Amino acid sequence: MRGINGLAIAFDLDGTLVDTAPDLVRATNAVMVRASLPEISLTSVRGMIGQGARALVIKAGLAAGVSFDEATLATYIAHFLEVYQAGLTKESLPFDGVIDVLEALSAKGAILSVCTNKPAHLAQPVLEAFDMVRYFKAIVANGQAGVNKPDGRHLTYTIEASGGSVDRALMVGDSITDLQAARNASIPVVLATFGYTIEKASALGADAIFDHYHELPDLIEQLLIR
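Per chain, residues are indexed from 1 in the order of the written sequence. With pLDDT at 70 or above as the cut-off, local features in this predicted model cover only qualifying residues; side-chain atom pairs require 80 or more to be listed or tallied, and sums for whole chains, interfaces and linings still use all residues. The basis for every side-chain value is the complete set of non-hydrogen atoms in the structure, without hydrogens or water.

**Student:** What should I look at first to understand the overall build of the protein in this one?
**Tutor:** When you go through the protein residue by residue, the secondary structure sums to 9 helices and 8 strands. It is over C-alpha atoms that the radius of gyration is taken, and the globule rule equals 2.2 Å times the number of residues to the power 0.38. The C-alpha radius of gyration computed for the protein amounts to 17 Å, which stays within 12% of the reference 17 Å derived for 226 residues, consistent with globular compactness. Dimensions of the protein, computed from the C-alpha atoms along their principal axes, are close to 55 × 35 × 30 Å. A burial count over the protein gives 53% of its 226 residues as buried. Total accessible area computed for the protein in this model is approximately 9700 Å², and 51% of it derives from carbon and sulfur atoms. Placing the 17 positive and 25 negative side-chain charges of the protein at their respective mean positions leaves the two points 3 Å apart. Numbering of helices and strands runs from the N terminus, with a helix taken as a DSSP run of H or I at least four residues long and a strand as a DSSP run of E at least two residues long. Three exposure classes are used, based on accessible area relative to the maximum for each residue type with a 1.4 Å probe and protein chains only: buried under 20%, partly exposed in between, and exposed over 50%. Accessibility throughout is a Shrake-Rupley quantity obtained with a 1.4 Å probe, and a residue counts as covered only by protein chains that appear here. Positive charge is attributed to Lys and Arg, negative charge to Asp and Glu, and no charge count is given to His or to the chain ends. Charge positions are represented by NZ for Lys, CZ for Arg, CG for Asp and CD for Glu.

Below is the structure:
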């Protein structure tokens, strides 16, 4: 592979670009209170994020020993989204070093995109709040590719939508969902160790891992010359 110039790099959003867990746990606990269930901790919710609001509400209920029926689940998901959308970035922040790295990769000619299972009407405002939209050639959210991660077609669709090539591409994520999407698309994957995953990122079998964003540009360069 050649250098970073022209390399398509698709980033996950929650747990990779932005630490959204504080606002997600706030919305999740609004559901738990309504359901008369014990609130969950920030640490617990970090292991539940990545497959959308429905999965998060289901997992939170199961953690309390409750399986919601479909009608109840629909009501709780609506409440979750109402609370969450009302304070999308009340406590969320980009991870340390993210903006500097997006600037550096863009300057080197990388084609950046976002591949997220978060709905577009939630993903876009989060990125806009931190002036991050300008770095990305495509932002492909829940359902916009016809499938979601871990289906590899979500990732390949994102890369192609950004104007990149799947033959010169890389996924940057934080969870097993991101890893599986990359593997299903036959694309290398780098995982952050500070994101949202029950199992440690180091145990998931990624092509590389990083502890801080300042490590990422050099790490990508090293992967390209393997």
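**Student:** I would appreciate a short explanation of the packing of aromatic side chains in the present structure.
**Tutor:** Each aromatic ring pair is summarised here by two numbers: the centre-to-centre distance and the angle between the ring planes. Pairing of aromatic side chains here covers Phe, Tyr and the six-membered ring of Trp, requires ring centres within 6.5 Å, and sorts the geometry by plane angle: under 30 degrees stacked, over 60 edge-to-face, intermediate tilted. Overall, the coordinates contain 7 aromatic pairs when judged by the stated rule. Summarising the aromatic geometry, the rings of F194 and Y213 are spaced 5.9 Å apart at their centres and angled 45° between planes, so their arrangement reads as tilted. In this pair, F194 is assigned in the loop between β7 (189–192) and β8 (208–210) and Y213 in the loop between β8 and α9 (216–224), connecting sequence segments 19 residues apart. On the basis of relative accessible area, Y213 is assigned to the buried category, the value being 1%.

**Student:** What should I look at first to understand the sheet that holds strand β5 (residues 138–140) in this one?
**Tutor:** Strand pairs in the sheet, formed through backbone hydrogen bonds, run parallel or antiparallel to each other. Within the open sheet, the 6 strands sit side by side as β5-β4-β1-β6-β7-β8. Their pairing is parallel. Sheet topology places β5 and β8 at the edges, where each strand pairs with a single neighbour. Taking each pair of neighbouring strands and ignoring which way they run, the sheet shows an average axis angle of 20°. Two strands qualify as a pair provided that DSSP identifies no fewer than 2 bridges between them. Inspection of the sheet shows strand β1 (residues 8–11) paired to strand β6 (residues 169–173) by 4 bridges, in the parallel sense. Across the sheet, A10 pairs through a bridge with M171, a residue of β6. Contact definition: two residues touch when any of their heavy atoms are within 4.5 Å. Axis geometry follows a simple rule: fit a line to the C-alpha atoms, using only the stretch in contact for helices, then measure angles between N-to-C directions, giving values from 0 to 180 degrees. Across the sheet, helix α7 (residues 152–161) lies against β1, β4 (111–115), β5 and β6, angled at about 155° from β5, the strand it touches most.

**Student:** Honestly, the pattern of salt bridges in this entry has me stumped. Any pointers?
**Tutor:** Once their charged atoms are close, side chains differing in charge can pair, the charge on each being opposite to the other. One side-chain nitrogen of Lys or Arg within 4 Å of one carboxyl oxygen of Asp or Glu is enough to make a salt bridge. Evaluation of the coordinates by the stated rule reveals 11 salt bridges. Where D14 meets K118, a salt bridge forms, and the shortest distance between an N and an O atom there is 2.8 Å. Of the two residues, D14 is situated in the loop between β1 and β2 (18–19) and K118 in the loop between β4 and α6 (120–129); the sequence distance between them amounts to 104 residues. We note that D14, like K118, is buried. We note a salt bridge from D151 to R153, for which the minimum N-O separation is 2.7 Å. Several salt bridges share partner residues, and in doing so they unite D12, K149 and D178 into one network.

**Student:** Explain the side chain of T116 here, please?
**Tutor:** Here T116 lies in the loop between β4 and α6. Only 3.0 Å separates the side chain of T116 from the backbone nitrogen of K118, close enough to count as a polar contact. Beyond its immediate chain neighbours, meaning those up to four positions away, T116 contacts D12, L13, D14, A123, V140, A141, N142, K149 and H154. Here a polar contact means two N or O atoms within 3.5 Å. Within protein one must be a hydrogen donor candidate and the other an acceptor candidate, and residues neighboring in sequence count only if both atoms are side-chain atoms.

**Student:** What should I look at first to understand the packing of helix α1 (residues 21–34) against helix α4 (residues 70–86) in this one?
**Tutor:** Two quantities define a packed helix pair, namely the angle between the axes and the distance from one axis to the other. For the pair α1 and α4, interaxial distance at closest approach is 8 Å and the crossing angle is 140°. In terms of axis orientation, α1 runs oblique to α4. In this structure, the crossing between α1 and α4 has a hand that is right-handed. Contacts from D23, L24, R26, A27, T28, A30, V31 and R34 in α1 reach Y76, H79, F80, V83 and Y84 in α4. Nonpolar residues are Ala, Val, Leu, Ile, Met, Phe, Trp, Tyr, Cys and Pro. Charged residues are Asp, Glu, Lys and Arg, and all others, Gly as well, are polar. Per-class residue counts for the contact of α1 with α4 are 8 nonpolar, 2 polar and 3 charged. Each angle receives one of four descriptions, namely roughly parallel if under 35 degrees, roughly antiparallel if over 145, roughly perpendicular if within 65 to 115, and oblique otherwise. For any helix crossing, the convention is left-handed if the near helix is rotated counterclockwise from the far helix by under a right angle, and right-handed if that rotation is clockwise.

**Student:** Hey, could you run me through the environment of Y213 in this one?
**Tutor:** For the pair Y213 and R54, spaced 159 residues apart in sequence, the C-alpha to C-alpha distance is 30 Å. Residues contacting Y213, with those up to four places away along its chain left out, are F11, T16, L17, F95, D96, G97, V98, V101 and F194. For Y213, the side chain forms a polar contact with the main-chain oxygen of T16, separated by 2.6 Å.

**Student:** When you look at the packing of α4 against α6 in this model, what are you seeing that I'm missing?
**Tutor:** As a packed pair, α4 and α6 sit with axes 11 Å apart at the nearest point and diverge in direction by 15°. In this view, α4 runs roughly parallel relative to α6, as classed from their interaxial angle. Crossing of α4 over α6 shows left-handed handedness. Taken together, the residues of α6 that come into contact with α4 (itself represented by L81, Y84 and Q85) are H121, L122 and V126. Its residues assigned to classes, the contact of α4 with α6 shows 4 nonpolar, 2 polar and no charged.

**Student:** What am I meant to see in helix α3 (residues 53–63) here?
**Tutor:** Given 3.6 residues to a turn, an α-helix orients residues that are three or four positions apart in the same direction. Every buried residue of α3 is accounted for by A53, A55, L56, V57, A60 and G61. Contacts from the buried residues of α3 go to α1, α2 (42–46) and α4. Following α3 by one or two positions, G65 adopts a phi angle in the positive range, close to 85°.

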